[in-house]
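Understanding the architecture of this molecule
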Amino acid sequence: MAQVIEKAVFPLGGLGTRFLPATKAVPKEMLPVVDKPLIQYAVEEAQASGIKEFIFVTSPGKDAIKCHFDRAEMLEDTLNQKGKSAELASINGFPAPENITYAVQSEPLGLGHAVWCARDEVGDEPFAVILADDLVVAETPCLKQLIGVYDEVGGNVVAVMDVPKAQTDRYGILEIGADDGRIAEVKGLVEKPKPADAPSTLSIIGRYVLQPDIFEFLARAERGAGGEIQLTDAMAQLIGRAPFHGLRFEGRRFDCGDKAGFLEANVAIALARPDLHDAVVRIIAEVK
(Lines give C-alpha, C1' and ligand atoms only; values in the text may rest on other atoms or scores of the structure.)
Protein backbone atom coordinates (compact mmCIF):
# COMPACT_ATOMS: atom_id res chain seq x y z
CA MET A 1 0.00 0.00 0.00
CA ALA A 2 1.36 3.42 -0.97
CA GLN A 3 2.41 5.73 1.88
CA VAL A 4 -0.03 8.57 2.50
CA ILE A 5 0.93 11.95 1.00
CA GLU A 6 0.62 14.55 3.75
CA LYS A 7 3.36 17.08 2.92
CA ALA A 8 3.50 19.56 0.06
CA VAL A 9 6.36 21.82 -1.01
CA PHE A 10 5.59 25.23 -2.50
CA PRO A 11 8.64 26.70 -4.30
CA LEU A 12 8.25 30.47 -3.84
CA GLY A 13 11.79 31.77 -4.11
CA GLY A 14 11.76 33.04 -7.70
CA LEU A 15 12.35 36.70 -8.52
CA GLY A 16 9.26 37.13 -10.72
CA THR A 17 11.19 39.22 -13.25
CA ARG A 18 8.57 38.74 -15.97
CA PHE A 19 6.13 40.78 -13.88
CA LEU A 20 8.38 43.71 -13.03
CA PRO A 21 7.85 46.36 -11.84
CA ALA A 22 4.82 44.90 -9.99
CA THR A 23 7.01 42.23 -8.37
CA LYS A 24 9.82 44.54 -7.24
CA ALA A 25 8.29 44.74 -3.76
CA VAL A 26 5.39 42.26 -4.00
CA PRO A 27 6.10 38.53 -4.42
CA LYS A 28 4.74 37.17 -7.69
CA GLU A 29 2.83 34.53 -5.73
CA MET A 30 0.92 37.33 -3.97
CA LEU A 31 -0.44 38.78 -7.20
CA PRO A 32 -4.23 38.46 -7.05
CA VAL A 33 -6.41 36.54 -9.47
CA VAL A 34 -9.61 38.54 -8.95
CA ASP A 35 -9.42 38.87 -5.15
CA LYS A 36 -7.23 35.99 -4.03
CA PRO A 37 -3.43 35.68 -4.36
CA LEU A 38 -1.98 32.88 -6.46
CA ILE A 39 -0.42 31.16 -3.45
CA GLN A 40 -3.81 30.93 -1.74
CA TYR A 41 -5.30 29.06 -4.71
CA ALA A 42 -2.39 26.61 -4.46
CA VAL A 43 -2.76 26.14 -0.71
CA GLU A 44 -6.51 25.63 -0.97
CA GLU A 45 -5.95 22.97 -3.64
CA ALA A 46 -3.51 21.21 -1.33
CA GLN A 47 -5.94 21.37 1.59
CA ALA A 48 -8.71 19.90 -0.56
CA SER A 49 -6.31 17.11 -1.57
CA GLY A 50 -5.61 15.98 2.00
CA ILE A 51 -2.31 17.76 2.62
CA LYS A 52 -1.59 18.35 6.32
CA GLU A 53 1.86 19.98 6.27
CA PHE A 54 2.71 22.97 4.06
CA ILE A 55 6.35 23.75 3.30
CA PHE A 56 7.02 27.18 1.79
CA VAL A 57 10.41 27.64 0.15
CA THR A 58 10.88 31.40 0.09
CA SER A 59 13.68 33.87 -0.51
CA PRO A 60 14.71 37.05 1.32
CA GLY A 61 12.21 39.86 0.87
CA LYS A 62 9.10 37.66 0.65
CA ASP A 63 7.72 38.40 4.11
CA ALA A 64 4.33 39.25 2.58
CA ILE A 65 3.64 35.54 2.09
CA LYS A 66 4.14 34.76 5.77
CA CYS A 67 2.07 37.79 6.76
CA HIS A 68 -0.77 36.63 4.52
CA PHE A 69 -1.04 33.24 6.23
CA ASP A 70 -0.45 34.47 9.79
CA ARG A 71 -3.39 35.33 12.04
CA ALA A 72 -4.56 38.96 11.83
CA GLU A 73 -6.43 39.29 15.10
CA MET A 74 -7.20 43.01 14.78
CA LEU A 75 -8.63 42.54 11.29
CA GLU A 76 -10.63 39.50 12.41
CA ASP A 77 -12.05 41.36 15.41
CA THR A 78 -13.03 44.31 13.23
CA LEU A 79 -14.75 42.14 10.65
CA ASN A 80 -16.54 40.23 13.39
CA GLN A 81 -17.76 43.42 15.07
CA LYS A 82 -19.06 44.79 11.78
CA GLY A 83 -20.85 41.55 10.94
CA LYS A 84 -18.82 40.97 7.78
CA SER A 85 -19.08 37.20 7.94
CA ALA A 86 -18.21 36.55 4.29
CA GLU A 87 -15.01 38.59 4.51
CA LEU A 88 -14.12 36.91 7.82
CA ALA A 89 -14.63 33.46 6.32
CA SER A 90 -12.34 34.36 3.40
CA ILE A 91 -9.35 34.70 5.74
CA ASN A 92 -10.23 32.00 8.27
CA GLY A 93 -9.73 28.89 6.18
CA PHE A 94 -5.93 28.93 6.13
CA PRO A 95 -3.81 26.10 7.56
CA ALA A 96 -2.94 26.59 11.21
CA PRO A 97 0.39 28.47 11.52
CA GLU A 98 1.99 25.45 13.19
CA ASN A 99 1.28 23.40 10.04
CA ILE A 100 3.24 25.81 7.83
CA THR A 101 7.02 25.65 7.83
CA TYR A 102 9.48 27.82 5.94
CA ALA A 103 12.72 26.97 4.19
CA VAL A 104 14.93 29.61 2.62
CA GLN A 105 16.33 29.48 -0.91
CA SER A 106 19.16 32.00 -0.62
CA GLU A 107 19.95 32.00 -4.35
CA PRO A 108 17.63 31.57 -7.36
CA LEU A 109 19.35 28.45 -8.69
CA GLY A 110 16.33 26.76 -10.22
CA LEU A 111 13.29 24.68 -9.32
CA GLY A 112 15.37 21.63 -8.43
CA HIS A 113 17.37 23.69 -5.96
CA ALA A 114 14.18 25.10 -4.44
CA VAL A 115 12.81 21.62 -3.81
CA TRP A 116 16.17 20.50 -2.39
CA CYS A 117 15.99 23.36 0.12
CA ALA A 118 12.93 21.64 1.64
CA ARG A 119 14.73 18.32 2.24
CA ASP A 120 14.89 18.64 6.04
CA GLU A 121 11.21 19.52 6.32
CA VAL A 122 10.13 16.71 3.96
CA GLY A 123 12.27 14.01 5.55
CA ASP A 124 12.13 10.42 4.33
CA GLU A 125 8.62 10.22 2.91
CA PRO A 126 6.89 10.84 -0.42
CA PHE A 127 5.64 14.38 -0.92
CA ALA A 128 3.86 16.70 -3.31
CA VAL A 129 5.16 19.79 -5.10
CA ILE A 130 2.81 22.56 -6.22
CA LEU A 131 3.84 25.51 -8.37
CA ALA A 132 1.57 28.46 -7.64
CA ASP A 133 2.26 29.82 -11.15
CA ASP A 134 0.17 26.98 -12.55
CA LEU A 135 -3.40 27.69 -11.48
CA VAL A 136 -5.62 24.70 -12.25
CA VAL A 137 -9.41 24.98 -12.11
CA ALA A 138 -10.94 21.53 -11.83
CA GLU A 139 -13.98 19.85 -10.33
CA THR A 140 -11.63 17.45 -8.55
CA PRO A 141 -8.48 19.30 -7.44
CA CYS A 142 -5.54 18.53 -9.71
CA LEU A 143 -3.31 17.35 -6.86
CA LYS A 144 -6.07 15.11 -5.56
CA GLN A 145 -6.25 13.49 -9.01
CA LEU A 146 -2.49 12.83 -8.86
CA ILE A 147 -2.70 11.37 -5.36
CA GLY A 148 -5.50 9.08 -6.54
CA VAL A 149 -3.23 7.70 -9.28
CA TYR A 150 -0.34 7.44 -6.80
CA ASP A 151 -2.56 5.39 -4.49
CA GLU A 152 -3.15 3.00 -7.40
CA VAL A 153 0.35 2.65 -8.86
CA GLY A 154 2.78 4.11 -6.29
CA GLY A 155 6.10 5.65 -7.23
CA ASN A 156 6.20 9.08 -8.83
CA VAL A 157 3.32 10.82 -10.61
CA VAL A 158 3.34 14.13 -12.49
CA ALA A 159 0.53 16.15 -14.06
CA VAL A 160 0.88 16.40 -17.84
CA MET A 161 -0.78 18.01 -20.82
CA ASP A 162 -0.15 18.11 -24.55
CA VAL A 163 1.46 21.31 -25.84
CA PRO A 164 2.06 22.51 -29.40
CA LYS A 165 5.18 20.99 -30.92
CA ALA A 166 6.70 24.45 -31.34
CA GLN A 167 6.51 25.05 -27.57
CA THR A 168 8.35 21.98 -26.27
CA ASP A 169 11.38 24.15 -25.51
CA ARG A 170 9.38 25.77 -22.68
CA TYR A 171 8.64 22.59 -20.72
CA GLY A 172 9.85 19.30 -19.33
CA ILE A 173 8.80 16.74 -21.95
CA LEU A 174 8.04 13.04 -21.47
CA GLU A 175 9.32 10.07 -23.40
CA ILE A 176 6.41 7.71 -22.94
CA GLY A 177 5.90 3.96 -22.85
CA ALA A 178 2.55 2.30 -22.20
CA ASP A 179 -0.26 4.83 -22.54
CA ASP A 180 -3.99 4.31 -22.05
CA GLY A 181 -4.89 7.87 -23.01
CA ARG A 182 -5.14 9.02 -19.38
CA ILE A 183 -2.08 7.62 -17.63
CA ALA A 184 1.22 7.37 -19.50
CA GLU A 185 4.26 5.42 -18.36
CA VAL A 186 7.30 7.69 -18.18
CA LYS A 187 10.35 6.16 -19.89
CA GLY A 188 12.40 9.35 -20.03
CA LEU A 189 12.34 13.08 -19.33
CA VAL A 190 13.94 15.95 -21.22
CA GLU A 191 14.02 19.54 -19.98
CA LYS A 192 13.07 22.13 -22.60
CA PRO A 193 14.07 20.21 -25.75
CA LYS A 194 14.08 21.86 -29.15
CA PRO A 195 10.95 20.85 -31.10
CA ALA A 196 12.99 18.69 -33.47
CA ASP A 197 14.49 16.78 -30.52
CA ALA A 198 11.35 16.42 -28.37
CA PRO A 199 10.39 12.77 -27.71
CA SER A 200 6.69 13.76 -27.51
CA THR A 201 4.49 16.78 -26.90
CA LEU A 202 3.42 15.59 -23.45
CA SER A 203 4.54 18.27 -21.02
CA ILE A 204 4.84 18.36 -17.23
CA ILE A 205 2.98 21.15 -15.46
CA GLY A 206 3.41 22.29 -11.88
CA ARG A 207 2.00 19.33 -9.93
CA TYR A 208 4.14 16.43 -8.73
CA VAL A 209 4.07 13.50 -6.32
CA LEU A 210 7.66 12.43 -5.70
CA GLN A 211 9.63 9.91 -3.73
CA PRO A 212 12.25 11.26 -1.28
CA ASP A 213 14.98 9.52 -3.32
CA ILE A 214 15.00 12.64 -5.48
CA PHE A 215 17.00 14.51 -2.84
CA GLU A 216 19.93 12.17 -3.50
CA PHE A 217 20.15 13.47 -7.07
CA LEU A 218 19.32 17.09 -6.28
CA ALA A 219 22.19 17.11 -3.77
CA ARG A 220 24.63 16.74 -6.67
CA ALA A 221 23.68 20.29 -7.76
CA GLU A 222 24.19 19.44 -11.42
CA ARG A 223 23.33 22.32 -13.74
CA GLY A 224 20.99 21.74 -16.65
CA ALA A 225 19.00 23.90 -19.05
CA GLY A 226 19.54 27.61 -18.46
CA GLY A 227 22.44 26.85 -16.14
CA GLU A 228 19.99 25.99 -13.35
CA ILE A 229 19.47 22.93 -11.14
CA GLN A 230 16.49 21.41 -12.91
CA LEU A 231 13.91 19.28 -11.12
CA THR A 232 13.24 17.44 -14.39
CA ASP A 233 16.86 16.25 -14.60
CA ALA A 234 16.68 14.82 -11.07
CA MET A 235 13.32 13.17 -11.78
CA ALA A 236 14.84 11.47 -14.81
CA GLN A 237 17.26 9.71 -12.43
CA LEU A 238 14.28 8.18 -10.58
CA ILE A 239 13.06 6.32 -13.68
CA GLY A 240 13.59 2.59 -13.17
CA ARG A 241 13.81 2.83 -9.39
CA ALA A 242 10.04 2.94 -8.90
CA PRO A 243 6.95 3.31 -11.09
CA PHE A 244 6.78 6.69 -12.84
CA HIS A 245 3.65 7.96 -14.57
CA GLY A 246 2.19 11.08 -16.11
CA LEU A 247 -1.49 11.86 -15.58
CA ARG A 248 -3.49 13.80 -18.14
CA PHE A 249 -5.44 15.66 -15.48
CA GLU A 250 -9.00 16.88 -15.87
CA GLY A 251 -9.40 20.64 -15.59
CA ARG A 252 -8.17 23.89 -17.08
CA ARG A 253 -4.66 25.11 -16.44
CA PHE A 254 -3.68 28.77 -16.54
CA ASP A 255 -0.01 29.67 -16.91
CA CYS A 256 0.12 32.56 -14.47
CA GLY A 257 3.87 32.88 -14.88
CA ASP A 258 3.03 34.50 -18.22
CA LYS A 259 1.31 37.90 -18.42
CA ALA A 260 -1.26 36.78 -20.99
CA GLY A 261 -1.98 33.60 -19.01
CA PHE A 262 -2.37 35.63 -15.83
CA LEU A 263 -4.87 37.95 -17.50
CA GLU A 264 -6.72 34.97 -18.95
CA ALA A 265 -7.03 33.46 -15.47
CA ASN A 266 -8.46 36.70 -14.08
CA VAL A 267 -11.05 36.92 -16.84
CA ALA A 268 -12.04 33.24 -16.73
CA ILE A 269 -12.38 33.08 -12.95
CA ALA A 270 -14.29 36.37 -12.82
CA LEU A 271 -16.68 35.12 -15.51
CA ALA A 272 -17.33 32.00 -13.43
CA ARG A 273 -18.43 34.07 -10.44
CA PRO A 274 -22.12 35.02 -10.32
CA ASP A 275 -21.32 38.30 -8.56
CA LEU A 276 -18.95 39.38 -11.37
CA HIS A 277 -20.09 37.62 -14.53
CA ASP A 278 -22.43 40.27 -15.95
CA ALA A 279 -20.07 43.14 -15.19
CA VAL A 280 -17.13 41.34 -16.84
CA VAL A 281 -19.19 40.53 -19.95
CA ARG A 282 -20.15 44.21 -20.21
CA ILE A 283 -16.56 45.36 -19.72
CA ILE A 284 -15.24 42.97 -22.36
CA ALA A 285 -17.87 44.12 -24.84
CA GLU A 286 -17.03 47.78 -24.19
CA VAL A 287 -13.28 47.18 -24.53
CA LYS A 288 -13.77 45.31 -27.82
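Here the structure is a predicted model, which means the values were calculated and not measured.

A look at the packing of helix H10 (residues 259-271) against helix H11 (residues 277-287)
- Where H10 contacts H11, the axes come no closer than 8 Å and their chain directions differ by 135 degrees. It follows that H10 is oblique to H11 by the angle criterion. For the pair H10 and H11, contact is made by Val-267, Ala-270 and Leu-271 and by His-277, Val-280, Val-281 and Ile-284, respectively.
- For the contact of H10 with H11, the per-class residue count stands at six nonpolar, one polar and no charged.

A closer look at the side chain of Asp-134
- Summarising the element assignment, Asp-134 is placed in strand E7 (residues 134-137).
- Overall, the relative accessible area of 7% leaves Asp-134 in the buried class.
- Within the structure, Asp-134 has its side chain in polar contact with the side chain of Arg-253 (distance 2.8 Å).
- Leaving out residues up to four positions away in the same chain, Asp-134 has contacts with Ile-205, Gly-206, Arg-207, Arg-253, Phe-254 and Asp-255.

Digging into the environment of Ile-147
- Turning to its location among the elements, Ile-147 is positioned in helix H7 (residues 142-153).
- Accessibility expressed as a relative area gives 9% for Ile-147, which makes it buried.
- Spatially, the C-alpha atoms of Ile-147 and Leu-238 are 18 Å apart, while their sequence positions differ by 91 residues.
- Residues within four places of Ile-147 in sequence aside, it is in contact with Ile-5, Ser-49 and Val-209.

What about H7?
- Taking 1.5 Å per residue, twelve residues should reach 16 Å; H7 reaches 17 Å between its end C-alpha atoms and fits that length.
- Within the span of H7, buried status applies to Cys-142, Leu-143, Gln-145, Leu-146, Ile-147, Val-149 and Tyr-150.
- Once H7 finishes, Gly-154 follows within two positions and takes phi at roughly 70 degrees, a positive value.

Focus: the nonpolar core
- One finds Phe-10, Ile-39 and Phe-56 to be the most contacted residues of the largest nonpolar core, which totals 45 residues.
- When near neighbours in sequence (up to four residues on either side) are disregarded, Phe-10 contacts Ile-39, Ala-42, Val-43, Ala-46, Phe-54, Ile-55, Phe-56, Val-57 and Ile-130.
- Ile-55, Tyr-208, Phe-217 and Leu-238 belong to the second-largest nonpolar core, a separate cluster that totals 33 residues.

A look at the pattern of salt bridges
- The tally for this structure, following the rule as stated, stands at 17 salt bridges.
- Put simply, Lys-7 and Glu-125 hold a salt bridge, and the shortest N to O gap is 3.4 Å. One end of the pair, Lys-7, is in strand E1 (residues 7-11); the other, Glu-125, is in the loop between helix H6 (119-122) and strand E6 (127-130), with 118 residues separating them in the sequence.
- The shortest N-O distance in the salt bridge between Asp-213 and Arg-241 comes to 3.5 Å. Of the two residues, Asp-213 is situated in the loop between strand E11 (202-210) and helix H8 (214-218) and Arg-241 in the loop between helix H9 (231-236) and strand E12 (244-248); the sequence distance between them amounts to 28 residues.
- Accessibility expressed as a relative area gives 31% for Asp-213, which makes it partly exposed.
- The exposure class assigned to Arg-241 is partly exposed, which follows from its relative accessible area of 46%.

With respect to the pairing of strand E10 (residues 183-191)
- Both strand E9 (residues 172-179) and E10 contribute to a ladder of six bridges, which runs antiparallel. Bridging from a neighbouring strand, Ile-176 pairs with Val-186 of E10.
- The turn linking E9 back onto E10 is made up of three residues, and Gly-181 within it adopts a positive phi angle of 95 degrees.
- Where E10 and E12 come together, three bridges link them in antiparallel fashion.

Here is what the cut-offs are and how they apply
- Residues numbered from 1 in each chain as written.
- Predicted model: local features only at pLDDT ≥ 70, side-chain atom pairs only at ≥ 80, totals over all residues.
- Heavy atoms only, no water.
- Axes fitted to C-alpha atoms, helices over the stretch in contact; angles between N-to-C directions.
- Helix = DSSP H or I, 4+ residues; strand = E, 2+ residues; numbered from the N terminus.
- Parallel < 35°, antiparallel > 145°, perpendicular 65-115°, else oblique.
- Contact = heavy atoms within 4.5 Å.
- Nonpolar A, V, L, I, M, F, W, Y, C, P; charged D, E, K, R; others polar.
- Buried < 20%, exposed > 50% of the residue type's maximum accessible area, 1.4 Å probe, protein only.
- Polar contact = N/O pair within 3.5 Å; in protein donor to acceptor, adjacent residues only side chain to side chain.
- Expected span 1.5 Å × (residues − 1).
- Core = buried A, V, L, I, M, F, W, Y, C linked by side-chain atoms within 4.5 Å.
- Salt bridge = Lys/Arg side-chain N within 4 Å of Asp/Glu carboxyl O.
- Pairing = 2+ DSSP bridges.

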